[in-house]
Amino acid sequence: MLLHFRDPAKLRTKTILYEESFYARDSGTLEQLKELSSRRQAIQDSINGISTITPVIAREMAGGITSPVLQKIERYLPLLENLVTCVVEKKQNRNVIQWTSQLAIRWTSPLSGQSGRGLKGPRYFQVDDMRYELGMTLNLYGALLRERALEVVCTDKAEAATLFRRASGVYVHLAKNVLPPLKASLPPESCPEVTPTLASIMSIICLAEAQAVTVKKAEEKAASGSLLAKLHYGVVQFLDEAELFMKESCADLNDISGKLKKFIRIASVLHESRSQRYIAAEYTKIERFGVAVGVLRYSLTRVLPLRPGFQWKSYRKFFPTVLYELTSCLVPEQTSDHEKWRLSFQREQDDLQNMLRKCENENEFIWHEKTPDVDELPTLEGTRIVQPIPYKSFGLDREFVFVT
């Protein structure tokens, strides 16, 4: 069970030409600036979308260590980090301030709420600071590492877990090292991707996803039910931590994506339900069917209220064709993410109800055991076993010499 949430990777940007804004003193610096522009343009061409998305482009946009887009980011970051270091050292220089402003660094914000959308498409947020460019590029890098993990999870769970942990490390680096110094340069209205709070939340989500993959490996190896219950609830603990972080930081995240909030809540409840099903199964092994029934009934009360919304298409038969076509442009169709959430949710609900029905029947006809009250049910325990893989800067050391 691994829900997909692909929105963080839907970043878009506008063209930057470094060599036209920064005044190089020597030919070596000029060539590096041109190389920066070229490498960034390659990333932009991949992520900004091309009107006709071919399978090759779709795979490229999906990301991955072996995919072109991640390779492009990994070629761009060393030069970018080097330039940021050089510019920060000269941040009080008037020329550097003016040149940075002339770059017009602009990115969209897929994790914003209403403020991230304009009348003609996604809104572009501009910040005149090179650390903004670094921060948004690292946001894209972390998001695409997550995308690659989702791609390979069915074929290589160890690699998927590693990718999620690497993504978590990227977000930790953002939260601790890159974004805090940027705060002083932010305009009054900026995107949530530049806040250390959201970077921390994304880091925790990546760890929850890494642990979810680890649970799938343990399930394939037929680990004990008690261990699997603890591992699933460890995922819940990660997600609950992210949700609490979000609630406590509402001032920083006053316009955050509702879809992100929904993803955290739904994923948490689904893993909690799976944990409780394993606990119930353990109690049936020792013929404690009353406790098993109580656990499953409580889990069902947690799952049912969070069922994803209806599918508009399923209501088409009740409307004339013309009315359907008119209203369908007003009611957006479910995204692929939402559809996958709905299917995962439905499977979990069906499995939960089937297990509850069997336990109730067996308890009613054979064991006649009293069902405990909610406060008498077993306490869920979690085990968290994954940690971020620290992000390491690429360490390129080249000198930029400007006319200052």
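Analysis parameters
Numbering of residues starts from 1 in every chain and runs along the sequence as written. Whole-chain, interface and lining totals are the exception, using all residues; otherwise, since this is a predicted model, local features are given only for residues with pLDDT of at least 70 and side-chain atom pairs are given and counted only at 80 or more. No hydrogens and no water enter the side-chain calculation; it runs on all heavy atoms of the structure. UniProt positions are given in the numbering used here, feature names are shortened, and annotations may be inferred rather than shown by experiment. Basic side-chain nitrogens of Lys or Arg form a salt bridge, by our definition, when they fall within 4 Å of a carboxyl oxygen of Asp or Glu. Under the DSSP-based scheme used, a helix requires at least four consecutive residues in state H or I and a strand at least two consecutive residues in state E, with every element numbered from the N terminus. Buried means the residue's accessible area, taken with a 1.4 Å probe over protein chains only, is under 20% of the maximum for its type, while exposed means over 50%, and partly exposed covers the values in between. In the cavity and pocket records, a cavity denotes points on a 1 Å grid over the protein atoms alone where a 1.4 Å probe fits but cannot get out, a pocket denotes an open set with protein on both sides within 12 Å along at least 5 of 7 lines, and lining residues are residues with an atom within 4 Å of a point. Grid points are joined across faces, edges and corners, and a volume is the space filled by probe spheres set on the points. Just so you know the grouping, Ala, Val, Leu, Ile, Met, Phe, Trp, Tyr, Cys and Pro go in nonpolar, Asp, Glu, Lys and Arg go in charged, and all remaining residues, Gly too, go in polar.

For the protein chain, an unreviewed UniProt entry supplies the name BRO1 domain-containing protein and the organism Ceratodon purpureus. UniProt lists a comment for the protein chain under the heading Sequence similarities (unreviewed entry), and it reads "Belongs to the BROX family."

Draft legend 1. Just the pattern of salt bridges, in detail. Inspection of the entire model under this criterion finds 24 salt bridges. Notably, a salt bridge pairs glutamate 133 with arginine 40, separated by 2.6 Å at the nearest N-O pair. Here glutamate 133 is found in helix H6 (residues 130-152), whereas its partner arginine 40 is found in helix H2 (residues 27-47), with 93 residues between them in sequence. A salt bridge links glutamate 243 to arginine 265; the nearest nitrogen and oxygen atoms lie 3.0 Å apart. Of this pair, glutamate 243 sits in helix H9 (residues 225-248) while arginine 265 is found in helix H10 (residues 258-285), placing the two residues 22 residues apart along the sequence. The exposure class assigned to glutamate 243 is buried, which follows from its relative accessible area of 17%. When salt bridges that share partners are traced, they join Glu219, Arg274, Arg277, Glu348 and Asp351 into one network.

Draft legend 2. Spotlight on empty space enclosed by the protein. Taken as a whole and assessed by the stated rule, the structure comprises three cavities of 30 Å³ or more. Taken as a whole, the largest cavity holds about 80 Å³ of empty space. Leu2, Leu3, Ala208, Glu209, Ala212, Val235, Leu239, Phe263, Ala267 and His271 are the residues that line the largest cavity. Of all the secondary structure elements, the ones that give two or more residues to the lining of the largest cavity are helix H8 (196-220), H9 and H10. Per-class residue counts for the lining of the largest cavity are eight nonpolar, one polar and one charged.

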